Amino acid sequence: MDQLTQQFMASAVHFNDDSSLFLKHRVQTMLNQNQIKFPGAQPVSLEPRRDITTVLNRNFKVCEKTDGTRYLLYLDLSDMEISEDIFQMAVQADKEMKAKCYFVDREYNFEQMDCRIRLNALLKVIKEKTLSALLQFKMLLDGEVVADGQELDFYIFDCLYLNQQVVSQGLTARLEAGYLATTFMRKIGSSILISLKSKTFVDKTEIQKILDIQKALKHHSDGLIFTAEDEPYVFGTNPHILKWKPKDENSVDLKIDLRTEYCNVLQTNGEFKPTTIYMFQFYAAVFGQIEAAPVEAGGVTVVSKEKFDKMENLIKKNKQENLILEVYWNETKPVQILKLIQKENGINKYQIEEKQGGWEAKKFRTDKSIPNDRKVFDSVCKSFGQFVSIEDLMQIIAGKMKVPGVCIRENPFVRRKQGWVQQVNERYE
């Protein structure tokens, strides 16, 4: 989370688990969820051997991946206190109204903010100029808060509800609903203000347009998002939303633990000596619970006491039970591991072994308390091992290059664009 976003959220009214329960019940009812759970969709890493044929054979839209802080934006006007007379006067004078909205983070915390709403623009969206219709209005947008220079923006990349549930509709219809929010919702906040913007989506064949947009952005963009056009919005992990990142941006969020061990370590003179070893350990999660053992790839590394102490101080400073670190795999990074080489009379003897390839820290995820799920970790590892550059991906989509190690024979039962089925049928005859 950038500093400006932190300052903005610090000015909000925070709702803890108990006080936000009634809001969670409202969202659950609004979306017809079968349980109280953060409804935001979670993309998966694009694994070339698994996903590129799907992208080729189906309609996908592409947008840039903003490196901001994920929030849902929730608005419910049922609690607004306004009389019929004041409502009519505001309509005639085309005035703005003050309302309460909520930013909802991944941990399902609600942060209440003041916002300004253009009344007549909202009534145009509702299509009914009555106070009762106004008080029934609800909205739930999906997006990211990011600092564009000295300004804060909320980039809308999906919509779950706008005066009616839209999760069952396709992406274009949901984006059109989300765009409507920019027509009536004005600045949000008090001392620091935030604006609503719609994210640009293009067809998968027009990736270059998104790359050009990325160059002009004032904020950091760390990849591309491919979203299936004809799929509904899915609560939780969504295999129809694929994220592509460059190698050094292809990151995963892992819990970092510090561990020391006093053991017999082989020295350069060939003798074993009792030594204190300092280590970093990285953990993923399963079903919201941190795994008992570190991840297999680079899960335990030996570090210097200086590096160990520095990380220990950072953990104390953040005052978080679980400190989550965003990391990416650096295949050339020199690392050390502790290897058991001998067991004698019940005493373990170790050797520090030099290896190449390890996790490189990007930033602390102070907005998260649980690391990425094991499935996400495995997917990131696969996407790194099967990495396809954006230039190659554009060539593959244009039909000028084959997917490495993948058969991409066209499937007439999947790709049904006008004229395509007939062409494929003729090719197969």
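Just so it is clear, the structure is predicted and the values come from calculations on it, not from any experiment.

## Concerning the overall build of the chain
Piece 1. The number of helices and strands found in the chain is twelve helices and 20 strands.
Piece 2. Dimensions of the chain, computed from C-alpha atoms along their principal axes, come out at roughly 90 × 65 × 40 Å.
Piece 3. Every one of the 429 residues in the chain was classed for burial, and the buried ones make up 48%.
Piece 4. Across the chain, contacts joining residues at least 24 apart in sequence account for 70% of those joining residues at least 6 apart.
Piece 5. Total accessible area on the chain is roughly 21900 Å²; 48% of this is exposed by carbon and sulfur atoms.

## Here we look at the UniProt feature "domain: mRNA capping enzyme adenylation" (unreviewed entry) in the chain
Piece 1. In the numbering adopted here, UniProt assigns the feature "domain: mRNA capping enzyme adenylation" (unreviewed entry) to residues 42–245.
Piece 2. Overall, residues 42–245 shows 28% helix and 44% strand. The separation of its end C-alpha atoms is 15 Å.

## Let's talk about unusual backbone geometry
Piece 1. Positive phi, close to 60°, is recorded for Asn32, a residue that is not glycine.
Piece 2. The exposed category is assigned to Asn32, whose relative accessible area is 61%.
Piece 3. You will see that Phe287, though not glycine, has its phi angle at about 50°, which is positive.
Piece 4. Along the polypeptide, Phe287 turns up in the loop between β16 (285–286) and β17 (289–290).

## Re helix α10 (residues 374–385)
Piece 1. Given a rise of 1.5 Å per residue, twelve residues ought to cover 16 Å, and the 17 Å separating the end C-alpha atoms of α10 matches this to within 8%.
Piece 2. On its buried side, α10 packs onto β2 (41–45), α3 (48–57), β14 (251–266), β16, β19 (324–344) and β20 (347–364).
Piece 3. Measuring from the side-chain oxygen of the N-cap residue of α10 to the backbone nitrogen of Lys375 gives 3.0 Å; that N-cap residue is Asp373.

## Examining the pattern of salt bridges
Piece 1. For the structure on display, the rule yields 33 salt bridges.
Piece 2. Notably, a salt bridge pairs Glu261 with Arg259, separated by 2.1 Å at the nearest N-O pair.
Piece 3. Note that Lys363 and Glu326 form a salt bridge whose closest N and O atoms lie 3.9 Å from each other. Taken as a pair, Lys363 in strand β20 and Glu326 in strand β19 lie far apart in primary sequence, 37 residues in all.
Piece 4. In this structure, a network of salt bridges that share partners links the residues Asp67, Asp253, Glu326, Lys363, Arg365 and Lys368.

So, how was this worked out
Counting from 1, residues in each chain are numbered in the order their sequence is written. Under the rules for a predicted model, residues below a pLDDT of 70 receive no local features and side-chain atom pairs below 80 are neither given nor counted, while totals for whole chains, interfaces and linings still include all residues. Excluded from the side-chain calculations are hydrogens and water; all other atoms, namely the structure's heavy atoms, are used. Each helix is a run of H or I in the DSSP string that is no shorter than four residues. Each strand is a run of E no shorter than two, and both are numbered from the N terminus. Throughout this description, buried means an accessible area under 20% of the type-specific maximum (1.4 Å probe, protein chains only), exposed means over 50%, and partly exposed covers the range between. Throughout, a contact is declared for two residues whenever any of their heavy atoms are within 4.5 Å. Here the open area of atoms and residues is found with the Shrake-Rupley method and a 1.4 Å probe, where only the protein chains shown may cover a residue. UniProt positions are given in the numbering used here, feature names are shortened, and annotations may be inferred rather than shown by experiment. An expected span of 1.5 Å times one less than the residue number is assigned to each helix. Residues adjacent in sequence count toward polar contacts only when both atoms are side-chain atoms; beyond that, a polar contact is any pair of N or O atoms within 3.5 Å, and within protein one must be able to donate a hydrogen and the other to accept it. What counts as a salt bridge is simple: a side-chain nitrogen of Lys or Arg found within 4 Å of a carboxyl oxygen of Asp or Glu.

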